[in-house]
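So you can see what is in the structure, the chains are spelled out below.
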Amino acid sequence: MSPASTGASTTVGAASTVPDSRMAPGGPGYRRMSFALFLAGVATFALLYSTQALLPLISGDFGVSASEASWTVAAATGGLALFVIPMSALSERFGRRTVMTASLAVAVTVALLVPFASSLTALVVLRAVQGAALAGVPASATAYLAEEVRPRALITAIGLFVAGNSVGGMSGRVITGWVAQEWGWRVALGALGLVAVGCAAAFRLLLPAPRHFTRGSLRPRVLARTVRDHLANPLLRRLYAIGALFMTVFGGVYTVIGYRLTDAPFSLPQGVVGSVFLVYLVGTVSASAAGRLVGRLGRRGALYLGGSTTAAGLLLSLADSLPLVLLGLVLITAGFFAGHAVASSAVSKTATHGRAQASALYQSAYYVGSSAGSTAGAVAFHAGGWAGTVGVGLLAVAGVVGITVLGSLAAARGRSQVVTRTA
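Residues numbered from 1 in each chain as written. Predicted model: local features only at pLDDT ≥ 70, side-chain atom pairs only at ≥ 80, totals over all residues. Heavy atoms only, no water.

J.: Just to check I follow, could you spell out the packing of aromatic side chains for this structure?
T.: Geometry of an aromatic ring pair is reported as the spacing of the ring centres plus the angle between the planes. Enumeration according to the criterion identifies eleven aromatic pairs in this entry. Each ring, one from phenylalanine 250 and one from phenylalanine 337, has its centre 5.4 Å from the other, and the planes form 75°; the classification is edge-to-face. Of this pair, phenylalanine 250 sits in helix H11 (residues 234-262) while phenylalanine 337 sits in helix H15 (residues 322-350), and the two are 87 residues apart along the sequence. Side by side, phenylalanine 250 and phenylalanine 337 carry an identical accessibility label, which is buried. Taken together, Phe250, Tyr254, Phe336, Phe337, Tyr362, Tyr366 and Tyr367 form an aromatic cluster joined through their ring pairs. (Phe/Tyr/Trp six-rings, centres within 6.5 Å; stacked < 30°, edge-to-face > 60°. Helix = DSSP H or I, 4+ residues; strand = E, 2+ residues; numbered from the N terminus. Buried < 20%, exposed > 50% of the residue type's maximum accessible area, 1.4 Å probe, protein only.)

Take a look at the structure:
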């Protein structure tokens, strides 16, 4: 059965006599493409987590608890998780660039409405719509890269997109933190919406038209078969679980950290708390270095390193010393972004057809993890303080390590079976 008949897209392979026309570092269009997707990542993460640094202010304005305010984050990530697979199907039919453009256009429009929410319920609903709109970006972006970039450059290209995620997450929180300190959280969200409008416009102007996209099918039966094929792949299942667990840690930590730093013994002002998110720059570096890590350590070695770095950061963050807490956040951020870049690029390389659906399943699991982490981290903080949030994170890291160990054992069994058959 041809890829087109399964709803998959195809890429133009590099034959021995035909030059590979896909993009590569230093080649035509590569820098424009990288910067365009970097900006898409900035806009996506800035909008998706726009309320996270502002949760203490939102709690105070609406008179709600941390766990109730955390729904402004969980609704957005939950909306993305629910709609990422349908959006990926639309990208198979209408094209990656078209879907990403439409998604960003709707998301930035909602961003300009969010500051006018009259109640927590209205804010949560708008954030859910915003998350659903943003669902068209992540899976379409990785599918675009898998089709338009040469295989050897794929991990680096996806790492740059993930780096844009980290810059967006950082800049969104820093901007909202300082603006909110002077003019309140509503003005802060409005300012961030204007920044996202600029990123979305530049993305559309810069992204090269796809050259290797093949239109797929929108038939539900074909989509269901493609999704079933991916879920039947043990490696893809492990990668989906790893993405969800890494994001559980990250979502929990960064949803609650604002409450911890504004409370005693730190009692930091909102602007300074927002600036703490500058540690996301560490994630930019670690995500961009994912390709080199895999080259030196292998995929599983890089995942072990990401998990152990994250765990070390969680333990350090328990200290009542601000420098140690900040160092802990640096390690958590570095470990998370490295692990995420490795796992997401492995999904794109593993899928042999329906790459948009394969990436969408990863993104769905990833943002389910974010929603679960945001809620569980806030509930644990309410019940047991920061130590409770750290406990949730350590359990998730243990899951990452356990799944990676299972992958190592499965690979070893596969090698032994090959040796037995060839002996």
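J.: Could you clarify how one ought to interpret the nonpolar core in this entry?
T.: Buried together is how nonpolar side chains tend to be arranged in soluble globular proteins. Counting 124 residues, the largest nonpolar core has Met33, Leu37, Leu145, Tyr254 and Tyr367 as its most contacted members. Among the elements that line this core, the one with the most residues is H11, at 15 residues. (Core = buried A, V, L, I, M, F, W, Y, C linked by side-chain atoms within 4.5 Å.)

J.: Mind showing me how you'd approach helix H5 (residues 96-113) here?
T.: Helix length check: H5, at 18 residues, gives a terminal C-alpha distance of 26 Å against a target of 26 Å (1.5 Å per residue), a fit within 8%. Turning to H5, its buried residues are Arg96, Arg97, Val99, Met100, Ser103, Leu104, Ala107, Val108, Val110 and Ala111. What you see down the axis of H5 is that its buried residues fit within an arc of 165°, all on one side. Packed against the buried residues of H5 are helix H1 (30-48), helix H4 (71-94), helix H6 (120-134), helix H7 (138-148), helix H9 (185-206) and helix H16 (355-384). (Expected span 1.5 Å × (residues − 1). Arc of directions from axis to C-beta. Contact = heavy atoms within 4.5 Å.)

J.: Explain the packing of H4 against H16 to me, please; I cannot follow it from the model alone.
T.: Between two packed helices, the angle of one axis relative to the other and the distance separating the axes together describe the packing. Between H4 and H16, whose axes approach to 8 Å, the crossing angle comes to 175°. The pairing of H4 with H16 is recorded here as roughly antiparallel in orientation. Each residue belonging to the contact of H4 with H16 can be placed in one class, and the counts come to twelve nonpolar, eleven polar and two charged. (Axes fitted to C-alpha atoms, helices over the stretch in contact; angles between N-to-C directions. Parallel < 35°, antiparallel > 145°, perpendicular 65-115°, else oblique. Nonpolar A, V, L, I, M, F, W, Y, C, P; charged D, E, K, R; others polar.)

J.: Explain the pattern of salt bridges here, please?
T.: Under the counting rule described, the total for this entry stands at three salt bridges. Here arginine 186 makes a salt bridge to aspartate 61, at a shortest N to O gap of 3.9 Å. Here the residue arginine 186 occupies a position in helix H9, and aspartate 61 occupies one in helix H2 (residues 55-62), the gap between them amounting to 125 residues. Since its relative accessible area comes to 27%, arginine 186 is described here as partly exposed. Residue arginine 96 is joined to glutamate 147 by a salt bridge in which the shortest nitrogen-to-oxygen separation is 2.4 Å. With arginine 96 in helix H5 and glutamate 147 in helix H7, this pair connects stretches of sequence that are 51 residues apart. Among the residues examined, glutamate 147 registers a relative accessible area of 0% and is labelled buried. (Salt bridge = Lys/Arg side-chain N within 4 Å of Asp/Glu carboxyl O.)

J.: Sorry if this is basic, but what is going on with unusual backbone geometry here?
T.: The omega angle of the peptide bond from alanine 264 to proline 265 is 5°, so this bond is cis rather than trans. Phi is positive for serine 267, close to 50°, though the residue is something other than glycine. By the element assignment, serine 267 lies in the loop between H11 and helix H12 (270-275). Overall, the relative accessible area of 46% leaves serine 267 in the partly exposed class.

J.: Please clarify how H1 should be interpreted in this entry.
T.: Helical periodicity: at 3.6 residues per turn, an α-helix aligns residues three or four positions apart in one direction. For H1, with 19 residues, the first-to-last C-alpha span of 27 Å sits near the 27 Å given by 1.5 Å per residue. Among the 19 residues in H1, 15 count as buried, and that is most of the element.

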